[in-house]
Amino acid sequence: MNRLNLAVEISKTVGFYLMQFFGKAKNIEEKENFQDLVTEHDKKAQEMIIQEIKKYFPDDNILAEENNTKDMGENQWVIDPIDGTLNYIHGLPNFCISIAYYENKSPLIGVVYNPFTEEMFLAMKNQGAYLNHSKLEIKDINDLKFSIGSVGFSRKFTGKFIEKVENKVQRIRILGSAALSACYVAANKFDFFIAKRANPWDIAAAYLIVKEAGGEIINFQGNTPKIFERESYIFSKPSILEDIKNITNEIGGGV
Ligand code: 2AM
Ligand code: CA
Ligand code: CA
Ligand code: CA
């Protein structure tokens, strides 16, 4: 078993499990507040993934959203068992399983799987990104006016950003899953996606998928994002990157 096959196979197995409770999740609990929820299926899905990794790679390190401990090291997996939990609870199809593998903080494998649409996004370092069996290659656009994109996370920032770009872009869409939104840039469904203060597990897999598809990824300062910290990201097609960055800075993007 190699790590890419492991990630692909376990995400399909977990996807099959999750579809049984789609829109009818059990044991919904609040985490930090009423807007931050977790179900027994987030926990079970995470357990299934960790168990499979531990079976084949017992010495690997695992960082996962629903864990209380951060197990960090050279051979680092980063897992979000359900990205888009609220959508999953409400029976909305934008959710996914996100599994990434990093060595010495450098991304080697990214897998993002939406079990509802059966979209499997995957990437391996220097070997390209794929959606199911099609190679992903970003097609640049040169006019912000005809772009469609998305913004997520901080409520205050999202509102300000939308207000600012409404008349400069074709349309904004909000999916409720950061990992999927970033993958949609890789797949030419979105031209840009901005994530403010994302956690490592939201972005770790999609980061490599967008990168391998030829997308640009910077933080709000214009630097290479730090995946293992809470970080803000702009995923974009090359020609409109500067415009998006300027708008973000104009509204005081901060970190
Ligand atoms: P989650 O479903 O894994 O929690 C849209 O809601 C996106 O923001 C999703 O990717 C979601 O991931 C993430 N998200 C939800 N609550 C969040 C919070 N309190 N802080 C940061 N990200 C959050
Ligand atoms: Ca969550
Ligand atoms: Ca998430
Ligand atoms: Ca999650």
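The model shown is predicted, which means the values in this text are computed figures rather than measured ones.

**So, the site of ligand 1**
In the vicinity of ligand 1 there are 13 residues, among which Asp 36, Asp 83, Thr 85, Gly 176 and Ala 178 approach most closely. A breakdown of the residues in the shell around ligand 1 according to their chemical character gives 2 nonpolar, 6 polar and 5 charged. Domain assignment of the residues forming the shell around ligand 1 places at least three in each of domain 1 (3–136) and domain 2 (144–250).

**Describing the sheet that holds strand β14 (residues 231–236)**
On the basis of which strands lie adjacent, the open sheet formed by 5 strands has the order β11-β10-β12-β14-β13 and mixed pairing. Either end of the sheet is taken by a strand with one partner, and the two such strands are β11 (171–172) and β13 (216–218). Where strand β10 (residues 148–152) lies against β11, 2 bridges are found, and the strand directions are parallel. In the strand pairing of β11, Gly 149 is matched with Ile 172. Across the sheet, helix α4 (residues 155–165) lies against β10, β11 and β12 (192–198), angled at about 155° from β10, the strand it touches most. This element, helix α6 (residues 200–212), spans β12, β13 and β14 of the sheet and lies at about 150° to β12.

**Overview of the domain arrangement of the chain**
Assigned domains of the chain: these are domain 1 (3–136) and domain 2 (144–250). Placing a centre on the C-alpha atoms of domain 1 and another on those of domain 2 gives a separation of 20 Å. Contacts between the two partners involve 30 residues from domain 1 and, on the opposite side, 21 residues from domain 2. Secondary-structure elements contributing two or more residues to the side of domain 1 that touches domain 2 are β3 (61–64), β4 (75–83), α3 (85–90), β5 (96–103), β6 (106–114), β7 (119–124) and β8 (129–131). Counting residues per element, the side of domain 1 that touches domain 2 draws most heavily on β6, at 5 residues. Split into classes, the residues belonging to the side of domain 1 that touches domain 2 amount to 18 nonpolar, 7 polar and 5 charged.

**A closer look at the sheet that holds strand β9 (residues 134–136)**
Sheets are built from strands that pair by backbone hydrogen bonding, the pairs being arranged parallel or antiparallel. Across the sheet, which stays open at both edges, the 7 strands sit in the order β3-β4-β5-β6-β7-β8-β9 with mixed pairing between neighbours. The strands lining the two open edges of the sheet, one partner per strand, are β3 and β9. Geometrically, the sheet is characterised by an average inter-axis angle of 20° between neighbouring strands, direction not taken into account. Bridge count for β3 against β4 is 4 bridges, and the pairing is parallel. Considered in β4, the bridge of Ile 62 is made with Trp 77. The strands touched by helix α1 (residues 3–19) within the sheet are β4, β5, β6 and β7, with β6 carrying the most contacts at an inclination of about 25°.

**Some words on the packing of α1 against helix α2 (residues 40–56)**
The N-to-C vectors of α1 and α2 enclose an angle of 155°; their axes lie 10 Å apart at closest approach. Of the possible angle classes, the one that applies to α1 and α2 is roughly antiparallel. Relative to α2, the crossing made by α1 is right-handed. Facing α1, whose interface residues are Leu 6, Ile 10, Thr 13, Val 14, Tyr 17 and Leu 18, α2 presents His 41, Ala 45, Met 48, Ile 49, Glu 52, Ile 53 and Tyr 56. A per-class count over the contact of α1 with α2 returns 10 nonpolar, 2 polar and 1 charged.

**With respect to the environment of Ala 205**
Tracing the backbone through its elements, the reader meets Ala 205 in helix α6. A count of 34 C-beta atoms within 10 Å places Ala 205 in the buried class. Placed 111 residues apart in sequence, Ala 205 and Asn 94 show a C-alpha to C-alpha distance of 16 Å. Apart from residues lying up to four places away in sequence, Ala 205 is in contact with Ser 98, Ile 99, Ala 100, Gly 110, Val 111, Val 112 and Ala 179.

How each quantity is defined
Residues numbered from 1 in each chain as written. Chains lettered and ligands numbered in written order. Predicted model: local features only at pLDDT ≥ 70, side-chain atom pairs only at ≥ 80, totals over all residues. Near = placed C-beta within 6 Å. Nonpolar A, V, L, I, M, F, W, Y, C, P; charged D, E, K, R; others polar. Domains from an automatic or database assignment. Pairing = 2+ DSSP bridges. Helix = DSSP H or I, 4+ residues; strand = E, 2+ residues; numbered from the N terminus. Contact = placed C-beta atoms within 7 Å. Axes fitted to C-alpha atoms, helices over the stretch in contact; angles between N-to-C directions. Parallel < 35°, antiparallel > 145°, perpendicular 65-115°, else oblique. Left-handed = near helix turned anticlockwise from the far one by under 90°. Buried ≥ 20, exposed ≤ 12 C-beta atoms within 10 Å, placed from the backbone.

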